[in-house]
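Residues per chain are reported as follows:
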Amino acid sequence: MAGEKVHLTGERETLLMTLYGKALESRLPNSLLEDHFADEAVGKIDYDFARLKVDVNLGIGLAIRAKTLDVHVQDFLARNPGAIVLHLGCGLDTRVFRVDPPSGVDWFDVDYPEAIDLRRKLYPPRDRYHLIGSSLTHPDWLAEVPRNRAAIVVAEGLTPYLPADEGPRLLSRLVSHLAGGELIFDAYSRFGLKLLRLNPAVRATGAEVHWAIEDPHELELAVPKLRFVEDIPAYKPEHAARMGWPAKLFVRLWKHIPALRKIGRLLRYRF
């Protein structure tokens, strides 16, 4: 049977990079993510994944970041069993299946319409699982999200692709609409953006990156309802043991050198 054909370019095409990396990591015998939905989705797509030049090291790095975000979502839901999960720029990520939220949770995956259409073809429906096809910078999509319950907003691999002026505006709309909760996402320094532009997988898609965050407190000034909670290393040495030695060395240096940690990290806020 022919696979689903995809015609994505630029930042939209990067969703295939992250999907394939997580699928590669999930094929390892000691997989951290065990993302079998991602692996199955790769097999259903008619696309030359080799052109993205994604290797196992990148796959392991993506899995570490994803697992860290998954754990924070699970922790929030344990404390707020009737909450909302708002997954921004979801792409083809299978977080809703990995986390498997309890029955009282409403989960919203939001991305461009073509990404959401592809999700509908690849993944099964779930109770209280909602798909919204829209550009995140368009304000109208938020009307579909309840505003009277605690919410965790999670974004993975999104912020660099947002225009620098649109990022704070998006976050302002979110915290004004939602009753309260937490926001967690990965952020990159200006040097981090330079490295992203050199990444073979990103270069293969032609995606452009724009928004750098040097100081987490910058966002508290731009979005006054946000309160910075913590800066979480995106990669952990104990999880990087399966990488090649150059990657393992970089992850260890990353942990101990503040300037390197700013390249890419996870930021958590309350609002």
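Throughout what follows, the structure given in this document is the object of discussion. All residue numbers here refer to positions counted from 1 along the written sequence of the relevant chain. Restriction of local features to residues with pLDDT of at least 70 applies here, the model being predicted, together with a cutoff of 80 or more for giving and counting side-chain atom pairs; totals for whole chains, interfaces and linings are based on all residues. Think of the side-chain values as coming from all heavy atoms in the structure, minus any hydrogens and water.

**Examining the sheet that holds strand β7 (residues 181-188)**
Within a sheet, each strand pairs with its neighbour through backbone hydrogen bonds, oriented either parallel or antiparallel. With respect to topology, seven strands assemble into an open sheet ordered β5-β4-β3-β6-β7-β9-β8, the strand pairing being mixed. Of all strands in the sheet, those bounded by a partner on one side alone are β5 (129-133) and β8 (227-233). The mean inter-strand angle of the sheet, taken between neighbouring strand axes irrespective of direction, is 20°. Note: β8 against strand β9 (residues 264-270), six bridges, orientation antiparallel. At least two DSSP bridges between two strands are required for those strands to pair. Strands are runs of DSSP state E lasting at least 2 residues, helices are runs of H or I lasting at least 4, and numbering of each runs from the N terminus. With axes taken as lines fitted to C-alpha atoms, and helix axes fitted only over the stretch in contact, angles between N-to-C directions fall between 0 and 180 degrees.

**Brief notes about empty space enclosed by the protein**
Cavities and pockets were defined on a 1 Å grid built over protein atoms only: a cavity is a set of grid points that admits a 1.4 Å probe from which the probe cannot escape, a pocket is an open set flanked by protein on both sides within 12 Å along at least five of seven lines, and lining residues are those with an atom within 4 Å of any such point. Grid points are joined across faces, edges and corners, and a volume is the space filled by probe spheres set on the points. Overall, the coordinates contain one cavity of 30 Å³ or more when judged by the stated rule. Its boundaries defined by the atoms lining it, the largest cavity holds a volume of some 70 Å³. Lining the largest cavity, in full, are L88, A155, L158, T159, L162, G167, L170, L171, L183, F185 and W211. Elements supplying a minimum of two residues to the lining of the largest cavity: α6 (166-177) and β7. For the lining of the largest cavity, the leading source of residues is α6, giving three residues.

**A look at helix α5 (residues 113-122)**
If you check which residues of α5 are buried, you get A115, I116, L118, R119 and L122. Considered in projection along α5, the buried side chains sweep an arc of 160° and stay on one side of the axis. Away from its buried face, by an angle of more than 90 degrees, α5 presents the exposed residues R120 and K121. The buried label goes to any residue with under 20% of its type's maximum accessible area, the exposed label to any with over 50%, and the partly exposed label to all in between, with areas taken from a 1.4 Å probe on protein chains only. Note that the arc is defined by the directions from the helix axis to the C-beta atoms.

**Quick look at unusual backbone geometry**
You will see that K53, though not glycine, has its phi angle at about 55°, which is positive. Here K53 is to be found in the loop between β2 (45-46) and α3 (56-79). Owing to a relative accessible area of 56%, K53 belongs among the exposed residues under this scheme. Phi at D100 is positive, roughly 50°, even though this residue is not glycine. Structurally, the position occupied by D100 is in the loop between α4 (95-99) and β4 (106-111).

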